[in-house]
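The residues making up each chain are set out below.
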Amino acid sequence: MVTLAEVARHAGVSASTVSYVLSGKRPISDPTRRRVRASIDQLGYQPHAGARALASSRSRIIALMVPLRTDMYVPVMLEIAVAVATTARTHGYDVLLLTGEEGPSALRRVTGSGLAEAVILMDVQLDDGRLPLLRGAAPPAVLVGLPADPAGLNCVDLDFAAAGALCVDHLAGLGHREIAVVGGSPGVYARHTGFAERTLGGLRERAARRGVGLLHRPCDGSHDAVAGVLARILDERPAVSAFVVQNETAVEPLLALLRRTGRAVPEDVSVVAVCPEAVAERASVPLTSVAIPAQELGRRAVERLFARLTGADGPDATGVELLAPVLTVRASSGPPQGRALTG
């Protein structure tokens, strides 16, 4: 590995002159600067990232906190993470991925060490324990998610409440009067995860407004768990004629179980999902769905962060950006045919 001293010898200058050319802390004549830069290029010298950060007080690293929990659909989280990383690189920044479930302690470690210049948080809960740290003397941060109180925070998310309402409007418009919701795992609701709680709130509010019955059941997503939840729904609400699914791993088990019990989709029962486009399009029955714009969420989070870092929106800019949901009609939804879902 080429050292700074070797660059200095090659350019015929002192090591401190090379350092000043790299840091820009002192004026260096144009001929000397060009000579040093030429030596750097010829020798392939790469400044040490840690030393460069110490010299400039900028690490050019964004910490991305994305707890990879077993009860979350990891592909969506990773798609957002990849979009964050690729967008950050266009600004000359790298991403430090933190996948543990440490919460506030991990945030303290990163912000206290100066390792990262800014932070993006995912898997946001309504009363997230990390938020008080962000409202204090913390580096710039953006949340991919919406807590119960977003005051003083910088957030971007899909408008999940509107997504839930959109699902009810679609099904009610087709004539369905009883809807069952197959949600995420019980742990998602026990943590009061923002996207799940807001979707459920939107579903309930719009169902009440439209005079539609709504039954919500959390579900782990395994075949046995879905079978148990479906049996409960058939027993408790035999008049259900439509399902809203916000659980990617439950989609195929639900469709398979409905087929096995002789219920055709959409002739006998409709199914609408809040899920990534790929899941909806590749389902055994292409699903009417509200898409989760994972790549756009990752890109917008970084752009909001850099608007803060560069001062484009002011150094203390905060606010909430909610992406409007879009429902795409496919083969899984249609008018009810009057068949009750009796066992």
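Sequence order sets the numbering: in each chain, residues are counted from 1 along the sequence as written. Where local features are concerned, this predicted model is filtered to residues with pLDDT of at least 70; where side-chain atom pairs are given and counted, the filter is 80 or more; whole-chain, interface and lining totals use all residues. For the side-chain quantities, the full set of heavy atoms in the structure was used; hydrogens and water were omitted.

Student: I would appreciate a short explanation of the overall build of the chain in the present structure.
Tutor: Per the secondary structure count, the chain includes 14 helices and twelve strands. Throughout, radius of gyration means the C-alpha value; the globule benchmark is 2.2 Å times the number of residues raised to the power 0.38. A compact globule built from 343 residues should have a C-alpha radius of gyration of about 20 Å, whereas the chain, at 26 Å, is more than 25% larger. The principal-axis extent of the C-alpha atoms belonging to the chain is close to 90 × 40 × 30 Å. For the chain, the residues scored as buried account for 49% of the 343 residues in total. Sequence separation of at least 24 residues holds for 72% of the intrachain contacts in the chain that already meet a minimum separation of 6. With an accessible surface of roughly 15,400 Å², the chain has 54% of that area assigned to carbon and sulfur atoms. Just so you know, the count uses Lys and Arg for positive and Asp and Glu for negative, and it drops His and the chain ends. Every charge is mapped onto a representative atom, which is NZ of Lys, CZ of Arg, CG of Asp or CD of Glu. Here the chain contributes 36 positive and 34 negative side-chain charges, whose respective centroids are spaced 6 Å apart. Helix and strand definitions follow DSSP, with helices as H or I runs of at least four residues and strands as E runs of at least two, each counted in order from the N terminus. Under the scheme applied here, a residue whose accessible area is under 20% of the maximum for its type counts as buried, over 50% as exposed, and between as partly exposed, the area being computed with a 1.4 Å probe on protein chains only. Any pair of residues with heavy atoms lying within 4.5 Å of one another is described as a contacting pair. Surface accessibility in these figures is a Shrake-Rupley result with a 1.4 Å probe; residues are shielded only by whichever protein chains are displayed.

Student: What should I look at first to understand the pairing of strand S9 (residues 270-275) in this one?
Tutor: Each regular strand displays side chains that alternate between the two surfaces of the sheet. Counted residue by residue, S9 has six buried out of six residues, so it is predominantly covered. Every second residue of S9 is oriented toward a common face, with Ser270, Val272 and Val274 on one face and Val271, Ala273 and Cys275 on the other, all of them buried. At least two bridges found by DSSP between two strands are what make those strands a pair. Here strand S8 (residues 242-245) runs beside S9; their pairing, made up of four bridges, is parallel. Following the sheet pairing, Ala242 is matched in S9 by Ser270. By convention a crossover is right-handed if, when the strands point away from the viewer, the path from the first strand over the helix to the second runs clockwise. A crossover connection joins S8 to the parallel S9 through helix H12 (residues 251-260); in handedness this β-α-β unit is right-handed. Examined bridge by bridge, S9 and strand S10 (residues 288-291) share four bridges and lie parallel to one another. In the sheet register, Val272 faces S10, and the bridge partner there is Thr288. Regarding the hand of the β-α-β motif, the stretch spanning S9, helix H13 (residues 277-282) and S10 is right-handed.

Student: Help me understand the nonpolar core in this model?
Tutor: By convention a nonpolar core is built from buried Ala, Val, Leu, Ile, Met, Phe, Trp, Tyr and Cys residues, the set being connected through side-chain atoms within 4.5 Å. With 47 residues, the main nonpolar core has Ile80, Ile120 and Val144 as its most contacted residues. Membership of the second largest hydrophobic core comes to 28 residues, among which are Leu230, Val269, Val279 and Leu287.

Student: Honestly, the packing of helix H8 (residues 160-174) against helix H10 (residues 194-210) in this entry has me stumped. Any pointers?
Tutor: Helix-helix packing is described using two parameters, namely the angle between the two axes and the distance between the axes. The angle between two axes is taken between their N-to-C directions and runs from 0 to 180 degrees, where each axis is a line fitted to C-alpha atoms and a helix contributes only its stretch in contact. Axis separation between H8 and H10 bottoms out at 6 Å; the angle between their running directions is 35°. As for how H8 packs across H10, the hand of that crossing is right-handed. Residues Phe160, Ala161, Gly164, Ala165, Cys167, Val168, Asp169, Ala172 and Gly173 of H8 form the contact with H10, whose participating residues are Phe195, Arg198, Thr199, Gly202, Leu203, Arg206, Ala207 and Arg210. Each residue gets one of three labels, nonpolar for Ala, Val, Leu, Ile, Met, Phe, Trp, Tyr, Cys and Pro, charged for Asp, Glu, Lys and Arg, and polar for the others, Gly among them. For the contact of H8 with H10, a count of residues per class yields nine nonpolar, four polar and four charged. A crossing counts as left-handed when the near helix is turned anticlockwise from the far one by less than a right angle, and as right-handed when that turn is clockwise.

Student: Explanation requested: the side chain of Thr199 in the structure shown.
Tutor: One can find Thr199 in helix H10. Here a polar contact is recorded for every N or O atom pair within 3.5 Å, except that within protein the pair must consist of a potential hydrogen donor and a potential acceptor, and residues adjacent in sequence are included only if both atoms are side-chain atoms. Looking at Thr199, its side chain comes within polar contact range of the main-chain oxygen of Phe195, at 2.7 Å. A distance of 2.9 Å separates polar atoms of two side chains, one belonging to Thr199 and the other to Gln246. When residues no more than four places from it in sequence are discounted, the contact partners of Thr199 are Phe160, Ala161, Gly164 and Gln246.

Student: Looking at this structure, how should I read the sheet that holds strand S11 (residues 319-323)?
Tutor: Strand pairs in the sheet, formed through backbone hydrogen bonds, run parallel or antiparallel to each other. Spatial strand order, S2-S1-S3-S4-S5-S11: six strands in an open sheet with parallel pairing. Edge positions in the sheet fall to strand S2 (94-98) and S11, since each has one partner strand and no second. Neighbour-to-neighbour, the strand axes of this sheet turn through a mean angle of 20°, independent of strand direction. The pairing of strand S1 (residues 61-65) with strand S3 (residues 118-121) spans four bridges and is parallel. What sits directly across from Ile62, in S3, is Ala118. Where helix H6 (residues 104-113) meets the sheet, its contacts fall on S1, S2 and S3, and the angle it forms with S1 comes to roughly 175°.

Student: Would you mind showing me how to read the pairing of S8 here?
Tutor: Here S8 shows two buried faces, one formed by Ala242 and Val244 and the other by Phe243 and Val245. In this sheet, S8 lies alongside strand S6 (residues 178-182) in parallel orientation, the contact comprising four bridges. Following the sheet pairing, Ile179 is matched in S8 by Ala242.

Student: Even after reading the chapter, I still don't get the sheet that holds S8, so can you show me in this structure?
Tutor: As summarised here, the arrangement of the six strands in space is S7-S6-S8-S9-S10-S12, forming an open sheet in which the pairing is mixed. Either end of the sheet is taken by a strand with one partner, and the two such strands are strand S7 (213-217) and strand S12 (327-328). Where H8 meets the sheet, its contacts fall on S6, S8, S9, S10 and S12, and the angle it forms with S9 comes to roughly 165°.

Student: Teacher, can you tell me more about the packing of helix H1 (residues 4-11) against helix H2 (residues 15-23) here?
Tutor: At a closest axis distance of 8 Å, the pairing of H1 and H2 adopts a crossing angle of 105°. The pairing of H1 with H2 is recorded here as roughly perpendicular in orientation. The segment H1 lies against H2, with Leu4, Val7 and Ala8 engaging Ala15, Val18, Ser19 and Leu22. When its residues are assigned to classes, the contact of H1 with H2 shows six nonpolar, one polar and no charged. Angles below 35 degrees are treated as roughly parallel, those above 145 as roughly antiparallel, those between 65 and 115 as roughly perpendicular, and all remaining angles as oblique.

Student: How should the environment of Asp159 be read in this particular structure?
Tutor: Inspection of the secondary structure puts Asp159 in the loop between strand S5 (154-158) and H8. On the accessibility criterion, Asp159 (22% relative accessible area) is partly exposed. The spacing of Asp159 and Arg299 is 140 residues in sequence and 16 Å in space, taken between C-alpha atoms. In contact with Asp159, other than residues within four places in its own chain, are Leu322, Leu323 and Pro325. At 3.1 Å, the side chain of Asp159 and the backbone nitrogen of Ala162 are in polar contact.

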